[in-house]
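Observations on the model geometry
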There are 2 protein chains.
Amino acid sequence: MLNRKGLLLVVSGPSGAGKGTICKALLNKNDQIKLSVSATTRKPRNGEVHGVNYFFIEKEEFTKMIENGEFLEHAQIYDNFYGTPKAAIIECLEKGQDVILEIEMQGARQIKEVYPEGVFIFVLPPSLEELKSRIVGRGTETQEEIEKRFSCAFEEINQIVNYDYFIVNEDIEKSVNDVEAIISAEKNKVTRYKNNIIDKFKEEL
Amino acid sequence: MLNRKGLLLVVSGPSGAGKGTICKALLNKNDQIKLSVSATTRKPRNGEVHGVNYFFIEKEEFTKMIENGEFLEHAQIYDNFYGTPKAAIIECLEKGQDVILEIEMQGARQIKEVYPEGVFIFVLPPSLEELKSRIVGRGTETQEEIEKRFSCAFEEINQIVNYDYFIVNEDIEKSVNDVEAIISAEKNKVTRYKNNIIDKFKEEL
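Residues numbered from 1 in each chain as written. Chains lettered and ligands numbered in written order. Predicted model: local features only at pLDDT ≥ 70, side-chain atom pairs only at ≥ 80, totals over all residues. Heavy atoms only, no water.

1. What to know about the overall build of chain A
Helices and strands together make up the secondary structure of chain A, namely eight helices and nine strands. Relative to a compact globule of 205 residues, whose C-alpha radius of gyration would be 17 Å, chain A shows 18 Å and is just as compact. Burial status across chain A gives 48% buried among its 205 residues. Nonlocal contacts in chain A, meaning residues at least 24 apart in sequence, comprise 68% of its contacts between residues at least 6 apart. When the accessible surface of chain A is split by element, carbon and sulfur atoms take 47% of a total near 10300 Å². Within chain A, one finds 27 positive and 34 negative side-chain charges whose respective centroids are separated by 2 Å. (Helix = DSSP H or I, 4+ residues; strand = E, 2+ residues; numbered from the N terminus. Rg over C-alpha atoms; globule rule 2.2 N^0.38 Å. Buried < 20%, exposed > 50% of the residue type's maximum accessible area, 1.4 Å probe, protein only. Contact = heavy atoms within 4.5 Å. Areas by Shrake-Rupley, 256 points an atom, 1.4 Å probe, with all protein chains shown as cover. Lys, Arg positive; Asp, Glu negative; His and termini not counted. Charge placed at Lys NZ, Arg CZ, Asp CG, Glu CD.)

Structure, rendered in structure tokens:
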């Protein structure tokens with residue numbers, strides 16, 4: 001059969017667009033995909049679990065990991081640090097395992113620089129109004145944080161040009177199907193294997 | 001909603017790889033896609049219907065259509081001419097209708113030159129041995145034609161580098177699903193709409 005590396009799926013979008021919900025639903029449906037767990041210095045939200053949603057670590061430890069080059073990317077968002085531990089991801093990809101990463105846009109840009117063959121997906125809300133009501137409805141942010149996030153949202157949407165695909169997240173089931181179709185299509189891309197394919201048929205001659 | 005042109009799906013592959021079967025099964029399953037019917041000067045095979053499988057026309061008429069610029073592409077394969085009537089396809093694409101085209105590789109190259117935003121799909125047999133047994137099993141070609149087609153097959157497979165996607169046609173249902181995933185993913189590509197998306201959210205501000 002054709003050998004290939006795993007796909008690195010990088011999912012971003014404005015806060016409230018639903019990227020976390022999509023990733024969670026995709027992972028529930030499809031056990032072939034591995035979630036990359038990021039490290040962060042921000043406080044856990046209600047129900048978030050260390051090692052599942054994030055590795056919640058202190059600033060001092062985070063800084064040491066940066067110095068040791070242990071992140072694929074790292075970024076400061078508002079007052080918090082976020083980073084993607086490198087070793088585990090590279091190991092999975094080399095074994096042919098697909099990995100999904102939910103990440104802010106600064107981080108996605110850094111990953112694209114070092115790993116351009118990643119599949120970059122931008123999750124959009126159906127509208128800005130809907131986005132605001134989702135952030136408010138989540139009830140985890142202060143009024144000030146809500147305003148800050150919302151005012152960033154439009155500027156963030158401009159960054160869609162750095163992504164390969166977009167998903168308008170109106171219906172979670174449809175969004176998950178869209179991501180699965182992207183994964184399937186990417187696995188059928190000629191550029192991911194072209195020499196492999198020709199070599200396979202040469203062997204028969 | 002986001003406006004976009006229809007997708008032009010261009011499907012090629014060596015004779016016997018099953019591109020015709022895939023297209024037919026896809027069209028049966030999905031009535032949102034329109035089949036582009038090509039014109040040809042070759043004789044109909046058993047069961048082929050004029051206006052459905054091909055427009056079967058005489059060489060003289062074909063030559064006149066070339067002179068009038070009525071083809072998106074045209075090519076000579078062995079002793080026969082094949083061509084894709086232009087007007088009907090462009091009209092569909094402008095209306096947002098997806099169109100699928102089954103076409104030899106010379107024709108696909110010409111289409112790519114004039115319509116690079118097409119989606120170019122290459123259908124592969126599981127193996128060259130399987131390919132040969134399919135061509136023989138079809139029973140529509142003479143022994144000489146079979147040898148001619150088979151000896152071309154490997155050379156044709158080298159042309160996969162001109163295509164965006166490939167499908168290894170082992171199981172027809174799986175192949176049709178793969179094509180549908182490609183269609184879905186292409187509709188979620190940022191490059192097909194980027195200004196539309198940003199403008200849509202600007203309107204809300």
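2. Description of the environment of Pro125(A)
Topologically, Pro125(A) is positioned in the loop between strand S8 (119-124) and helix H5 (128-138). In the structure, Pro125(A) is positioned 17 residues away from Ala108(A) in sequence and 19 Å away in space, judged by C-alpha atoms. Those residues in contact with Pro125(A) that sit more than four places away from it in its chain are Pro14(A), Ala17(A), Leu131(A), Val168(A) and Phe201(B).

3. Brief notes about the pairing of strand S7 (residues 98-102) of chain A
All names here are of chain A. Extensive coverage of S7 is indicated by the burial of four of its five residues. Looking at chain direction, strand S1 (residues 8-12) and S7 are connected through four bridges and run parallel. Looking at the pairing, Val 10 lines up with Leu 101 of S7. The pairing of strand S2 (residues 33-35) with S7 spans three bridges and is parallel. (Pairing = 2+ DSSP bridges.)

4. A look at the relation of the copies chain A and chain B
Of the two same-sequence chains, chain A is brought onto chain B (RMSD 0.0 Å, axial shift 0.0 Å) by a rotation of 180 degrees. Put plainly, the chains are arranged around a two-fold axis. Within chain A, Ala181(A) has its C-alpha nearest the rotation axis, a separation of 2.2 Å. With an isologous cut-off of 70% or more, the 100% of interface residues of chain A that recur at the interface of chain B puts this contact in the isologous class. (Least-squares fit on C-alpha atoms with pLDDT ≥ 70 in both.)

5. Section: the sheet that holds strand S5 (residues 71-77) of chain B
Residues and elements named next belong to chain B. Strand order in this open sheet of four strands is S4-S3-S6-S5, and the pairing throughout is mixed. The sheet terminates laterally at strand S4 (54-56) and S5, the two strands that pair on one side only. Taken pair by pair, the neighbouring strands of this sheet meet at an average axis angle of 20 degrees, ignoring direction. Where strand S3 (residues 38-40) and S4 come together, three bridges link them in parallel fashion. Its bridge partner lying in S4, Ala 39 is registered against Phe 55. (Axes fitted to C-alpha atoms, helices over the stretch in contact; angles between N-to-C directions.)

6. Focus: the UniProt feature "binding site: ATP" (unreviewed entry) in chain A
Residues and elements named next belong to chain A. Look at the UniProt record and you will see "binding site: ATP" (unreviewed entry) annotated at Gly 13, Pro 14, Ser 15, Gly 16, Ala 17, Gly 18, Lys 19 and Gly 20. Looking at where Ser 15 falls in the secondary structure, it is placed in the loop between S1 and helix H1 (19-29). The topology assignment puts Lys 19 in helix H1. Leaving out residues up to four positions away in the same chain, Lys 19 has contacts with Val 11, Ser 12, Gly 13, Pro 14, Glu 102, Ile 103 and Val 123. At a separation of 3.2 Å, a polar atom in the side chain of Lys 19 contacts the main-chain carbonyl oxygen of Gly 13. (UniProt positions renumbered as here; feature names shortened; annotations may be inferred. Polar contact = N/O pair within 3.5 Å; in protein donor to acceptor, adjacent residues only side chain to side chain.)

7. Some remarks on the packing of aromatic side chains
One pass over the structure, following the stated rule, counts eleven aromatic pairs over all chains. Here the aromatic rings of Phe62(B) and Phe71(B) are separated by 4.6 Å at their centres, their planes lie at 25 degrees, and the arrangement is stacked. An identical accessibility class is assigned to Phe62(B) and Phe71(B); each is buried. Between Phe62(B) and Phe81(B), the ring centres sit 5.6 Å apart and the planes meet at 35 degrees, which makes this aromatic pair tilted. Highlighted residues: Phe62(B) in helix H2 (residues 59-67) and Phe81(B) in strand S6 (residues 80-85), separated in sequence by 19 residues. For Phe62(B), a relative accessible area of 1% corresponds to the buried category. Cation over ring: Lys112(A) sits above Phe120(A), and NZ or CZ is 5.7 Å from the ring centre. (Phe/Tyr/Trp six-rings, centres within 6.5 Å; stacked < 30°, edge-to-face > 60°. Lys NZ or Arg CZ within 6 Å of the ring centre and 35° of its normal.)

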